[in-house]
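Chain and residue survey
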Amino acid sequence: MNKTELIAAAAERSGLTKKDTEKTLNAALDAITAALVAGDKVQVSGFGIFEVKVREARMGRNPHTGEAMEIAASRVPAFKASKTMKDALGK
């Protein structure tokens, strides 16, 4: 399912127009992104937790040359599904 299909499905279930649903979805995604950038955790009850994890710097290999190289530390988004979602998926 892509974003357009998600908007259409949500609009159908909510009775809102696709345009209003798209605005709502974009606002929610922007709010989640802003919270993660600020270093906050976003917990949606019954769905899961969005958070930022820190990857430490590490040594890796260049796949073309086989030469060792350092991979810089980075911050990456992470999602952990709630128990409710895991149960709905059948684990």
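Scroll up for the structure.
What you are looking at is a predicted structure, and each value in this text was computed from that prediction instead of being measured.

Structural notes on the overall build of the protein chain
Tallying secondary structure elements over the protein chain gives three helices and five strands in all. For the protein chain, the spread of C-alpha atoms along the principal axes amounts to about 55 × 30 × 30 Å. Across the 91 residues in the protein chain, those meeting the buried criterion constitute 13%. Across the protein chain, every contact between residues at least 6 apart in sequence was considered, and the portion connecting residues at least 24 apart equals 29%. Across the protein chain, the centroid of the 15 positively charged side chains sits 5 Å from that of the 11 negatively charged ones.

Digging into the sheet that holds strand β5 (residues 74-81)
Strands sit in the order β1-β2-β5 across an open sheet of three strands; the sheet is antiparallel. Unpaired on one side and paired on the other, β1 (42-44) and β5 mark the two borders of the sheet. Adjacent strand axes in the sheet meet at a mean angle of 25°, parallel and antiparallel pairs treated alike.

Concerning the layout of surface pockets
Remark: the empty space left among the atoms is shown by a probe the size of a water molecule rolled over them. Volume-wise, the largest pocket comes out at about 180 Å³. Around the largest pocket sit Leu6, Leu25, Ala28, Leu29, Ile32, Thr33, Phe47 and Phe50, which together line it. When residues in the lining of the largest pocket are grouped by element, the largest group, five residues, is from helix α2 (residues 18-37). Across the lining of the largest pocket, the residue classes break down as seven nonpolar, one polar and no charged.

Here's the deal with the packing of helix α1 (residues 3-14) against α2
The N-to-C vectors of α1 and α2 enclose an angle of 115°; their axes lie 9 Å apart at closest approach. With respect to α2, the element α1 is oriented roughly perpendicular. You can see that α1 and α2 cross each other, and the crossing is right-handed. Where α1 abuts α2, its residues Lys3, Leu6, Ile7, Ala8, Ala10, Ala11 and Ser14 lie against Lys18, Thr21, Glu22, Leu25 and Asn26. Per-class residue counts for the contact of α1 with α2 are six nonpolar, three polar and three charged.

Concerning the environment of Ser45
Checked against the element boundaries, Ser45 lands in the loop between β1 and β2 (48-55). The class for Ser45 is exposed, based on a relative accessible area of 74%. With 29 residues separating them along the chain, Ser45 and Leu16 place their C-alpha atoms 23 Å apart.

Quick notes on the rules
Residues numbered from 1 in each chain as written. Predicted model: local features only at pLDDT ≥ 70, side-chain atom pairs only at ≥ 80, totals over all residues. Heavy atoms only, no water. Helix = DSSP H or I, 4+ residues; strand = E, 2+ residues; numbered from the N terminus. Buried < 20%, exposed > 50% of the residue type's maximum accessible area, 1.4 Å probe, protein only. Contact = heavy atoms within 4.5 Å. Lys, Arg positive; Asp, Glu negative; His and termini not counted. Charge placed at Lys NZ, Arg CZ, Asp CG, Glu CD. Pairing = 2+ DSSP bridges. Axes fitted to C-alpha atoms, helices over the stretch in contact; angles between N-to-C directions. 1 Å grid on protein atoms, 1.4 Å probe; cavity = no way out; pocket = protein on both sides within 12 Å on 5 of 7 lines; lining within 4 Å. Points joined across faces, edges and corners; volume = space filled by probe spheres on them. Nonpolar A, V, L, I, M, F, W, Y, C, P; charged D, E, K, R; others polar. Parallel < 35°, antiparallel > 145°, perpendicular 65-115°, else oblique. Left-handed = near helix turned anticlockwise from the far one by under 90°.

Any functional reading would require information beyond the geometric quantities listed.
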